[in-house]
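# Architecture and fold: a report
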Amino acid sequence: MRSRWDLEERQQPVAKKARLSTILFAENCEVTHGQLCELLKYAVLGKSSFPKPSWCQLFHQNHLKNVVVFILQGLSQLHFYKFYLEFGFLRKAFKHKFRLPPPSSDFLADIIGLQKKQIIGNLPKAMEGFPDCENFVPTKCNGSVTDNSPLFGLDCEMCLTSKGRELTRISLVAEGGGCVMDELVKPDNKIVDYLTRKDIQCPDRLGHDATEDARTTLELARYFLKYGPKKIAELNLEALARHQESQEPRNTAEVVQQLNTSVLECLDSVGQKLLFLTREADASALSSSKNCQTIKCLSNKEVLEQARVEIPLFPFSIVQFSFEPFSPNLTEEMNKRIKIKWTEMSTVYAGPFNKNCNLRALKRLFKSFGPVRSMTLVLETHQPHLCIQYEVLEAAQLAIESLDGVLVEGSCIKVQRPVTELTLDCDTLVNELEQDSENRGTIYLSGVSETFKEHLLQQCSLFLGLEAMILPKDLKSGKHKRYCFLRFKTFGSAQRALNILTGKDWKLKGRHALTPRHLHAWLRGLPHESRLPGVRVIPPPSEQEALQMLKVDHPKIAAWHWGRKIGKLYHNLCSGTLCLILLPGTKRAALQYSELQFSIPKRPVAC
């Protein structure tokens, strides 16, 4: 009887709903402003007018009813992970998270596509007004560019200064490969990291060869000029033919025109307007644009109230809230603290062990949980202990869960993280990370062999719902590391796969994932920091500073307060609304990456 009911349930027609998938983008975690604009234009007009975005899939676009973009101006990816526990709504409701490049002078114009027409065919004027370019000298070249014009390859090596990334070395090569210029450049600000770790040319050479990079760039440019335009035209025409269905074929000129069309022009073509809600003090080219209904408010609270009323009346809405950003010095300090926090959370102390324990066997045991960055023997205690720093948080958590309180080498050992001011809430943070919407269907596995991928594919019938397999590589050797992440459509599919893969047939170690992929990418971009456990990065706050932490306008309180407010507004959006939240950061602060999150409400609610 149960089987018959299951069969009948499967035969029921399933209502089509708009759905976003980013599996095509599993190997990267950064979206450009242009790629975001691709998605927004496709969401507005669909496949009859535009090819599908190249980096993601929006299924059943014709069932999409609205597009809403929330912008938290002044906040960045740093804020999201600094106040991760306070941003409860964002991390649970939004499954797709990506990094964005640092914002330009007019971030909104970039993602809407307003600046493309100004840039194309008018480059010298577009370069006017750029900040910090007063002392630059323009070249004296006034001739037109032809097919016979010489080509040069240019490579710039950067270092990390107190103000961010600055030029340290510049190399220029001519078409024949000869070096025209290879010079060191002294930055204006103090260098804090020379960034000479990025070994890419060959294993026996340290650092970059800037001239070799420039030659490679030149070769790629020449290859593109020879084969690229034809191939791109073929792909564009093929995409149009595949997506237009009953439409008449269009020529290549139309394809180029489509790519240069702004979101506002897309809305104008269907007789619609864009809603832009913002504070009075915030300026943007968008607010003065034609076909944009701009409503300026005196406060974030008024923006929220207007959004409740106005969003249901427009097919495309941009709602911008403004917050006080971190100062550059505080941004640098917060970056250091977060880097140290994740390092300490990925570190465990294990012991005590007998003085005659088998050290080689112990090292082998702890390496079985995941990649080890360092492992040291602690002899300051009465009996030996081990300090193991893992590359990924999952490995450290798996070691704690597997070995804490277990008899090892004749001793009942304790496995724990170092206790510092940055790890006091790590148990709560680990539990919340496991509930993160991006991690819910992803599992971590350690001990995978070189043939793991082939073995898995041969038995794919056991792993229904598998969407992506992420096999990290060693940057030096290029070989796959002995751990991986598997992403499934549902939590149930992930749990079934985890039970199989950690069983007696596969003999792997694993658990549910804890760290979103774009967090890995962001942490890799931060300067390396290390400290001894218990040593403070900054002195403890004074009583006055501690009281300031409790004020409503403090970023920590604002993250919690406005996260809840936006959550309520989100739950009032109608079913079939593509919702994006952008944390664009600020241009002035160093190392402040933007954050992009997507969601489409599943259940229908009243607008």
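So, how was this worked out
- Residues numbered from 1 in each chain as written.
- Predicted model: local features only at pLDDT ≥ 70, side-chain atom pairs only at ≥ 80, totals over all residues.
- Heavy atoms only, no water.
- Helix = DSSP H or I, 4+ residues; strand = E, 2+ residues; numbered from the N terminus.
- Buried < 20%, exposed > 50% of the residue type's maximum accessible area, 1.4 Å probe, protein only.
- Areas by Shrake-Rupley, 256 points an atom, 1.4 Å probe, with all protein chains shown as cover.
- Salt bridge = Lys/Arg side-chain N within 4 Å of Asp/Glu carboxyl O.
- Patch = residues over 30% accessible without salt bridge, like charges linked within 9 Å, V, L, I, M, F, W, Y side chains within 5 Å.
- Pairing = 2+ DSSP bridges.
- Axes fitted to C-alpha atoms, helices over the stretch in contact; angles between N-to-C directions.
- Arc of directions from axis to C-beta.
- Phe/Tyr/Trp six-rings, centres within 6.5 Å; stacked < 30°, edge-to-face > 60°.
- Lys NZ or Arg CZ within 6 Å of the ring centre and 35° of its normal.
- Contact = heavy atoms within 4.5 Å.
- Expected span 1.5 Å × (residues − 1).

The name given to the chain in an unreviewed UniProt entry is RRM domain-containing protein, with Ovis aries as the source organism.

The number of helices and strands found in the chain is 20 helices and 23 strands. Every one of the 607 residues in the chain was classed for burial, and the buried ones make up 45%. A total of about 33600 Å² of accessible surface is found on the chain, and carbon and sulfur atoms cover 53% of it.

This paragraph deals with the pattern of salt bridges. Between side chains of opposite charge, pairing is possible as soon as their charged atoms come close. As enumerated under the stated definition, the model contains eight salt bridges in all. D182 serves as the salt-bridge partner of R169, at 2.9 Å between the closest nitrogen and oxygen. Placement of the pair is R169 in strand 6 (residues 164-174) and D182 in strand 7 (residues 179-184), with a sequence separation of 13 residues. You can call R169 partly exposed: its relative accessible area is 21%. The exposure class assigned to D182 is partly exposed, which follows from its relative accessible area of 32%.

The subject of this paragraph is a nonpolar patch on the surface. Judged by side-chain polarity, F152, V180 and M181 come together as a nonpolar surface patch covering roughly 270 Å² of accessible area. Following the sequence through the fold, V180 ends up in strand 7.

Let's shift gears to the sheet that holds strand 21 (residues 509-512). The antiparallel open sheet is built from four strands, whose spatial order is 19-20-18-21. Lying at the two open borders of the sheet, with one neighbouring strand each, are strand 19 (466-470) and strand 21. The sheet shows a mean angle of 20 degrees between the axes of neighbouring strands, taken without regard to direction. The sheet contact formed by strand 18 (residues 442-446) and strand 20 (residues 483-488) spans five bridges and is antiparallel. Bridge assignment links L445 to a residue of strand 20, and that residue is C484.

Attention now goes to the pairing of strand 9 (residues 274-279). Burial runs high along strand 9: five of the six residues are buried. Where strand 9 and strand 11 (residues 316-322) come together, four bridges link them in parallel fashion. The residue bridging L277 from the neighbouring strand is V319, located in strand 11. As defined by bridge partners, strand 9 adjoins strand 10 (residues 292-297) across six bridges and the pair is classed as parallel. Residue pairing for strand 10: R279 is matched across the bridge by C297.

Quick look at helix 17 (residues 491-501) now. Looking only at helix 17, the buried set comprises S493, A494, A497, L498 and L501. Taken end-on, helix 17 shows its buried residues confined to a sector of 135 degrees, consistent with a single buried face.

Attention now moves to the packing of aromatic side chains. Per the counting criterion, the structure on display carries 15 aromatic pairs. Consider the rings of F463 and W506, whose centres lie 5.7 Å apart with planes at 80 degrees: the pair is edge-to-face. With a gap of 43 residues between them, F463 in the loop between helix 16 (452-458) and strand 19 and W506 in the loop between helix 17 and strand 21 connect regions that are remote in the sequence. Judged by relative accessible area, F463 falls into the buried class, the value being 4%. Judged by relative accessible area, W506 falls into the buried class, the value being 13%. Of note, R440 hangs over the ring of F491, and the distance from its end group to the ring centre comes to 4.2 Å. Above the plane of the ring of F369 lies K509, whose end atom (NZ or CZ) is 5.5 Å from the centre.

Turning to the sheet that holds strand 14 (residues 385-390), a few remarks are in order. If you trace the four strands from one edge of the open sheet to the other, you get 13-14-12-17, paired in antiparallel fashion. Only two strands of the sheet have a single neighbouring strand rather than two, namely strand 13 (372-378) and strand 17 (414-416). In this sheet, neighbouring strand axes are inclined to one another by 15 degrees on average, regardless of whether the strands run parallel or antiparallel.

The next subject is the pairing of strand 12 (residues 347-351). Among the five residues that make up strand 12, four are buried, leaving the element largely enclosed by the rest of the structure. Two elements, strand 12 and strand 14, share four bridges in a ladder whose sense is antiparallel. Within strand 14, the residue paired with T347 across the bridge is Q389. As paired elements, strand 12 and strand 17 share three bridges and run antiparallel to each other. The residue bridging G351 from the neighbouring strand is K414, located in strand 17.

Attention now goes to the environment of V448. Within the secondary structure, V448 sits in the loop between strand 18 and helix 16. Take V448: its relative accessible area is 4%, and that puts it in the buried class. Beyond its immediate chain neighbours, meaning those up to four positions away, V448 contacts K481, R482, Y483, C484 and L508.

A few words on helix 20 (residues 555-571). Over its 17 residues, helix 20 runs 24 Å from end to end, which matches the ideal 24 Å to within 8%, given 1.5 Å per residue. Regarding helix 20, the residues found buried are A558, A559, W562, G563, I566, G567, L569 and Y570. Buried residues in helix 20, looked at end-on, bunch into an arc of 160 degrees, giving them a common side.

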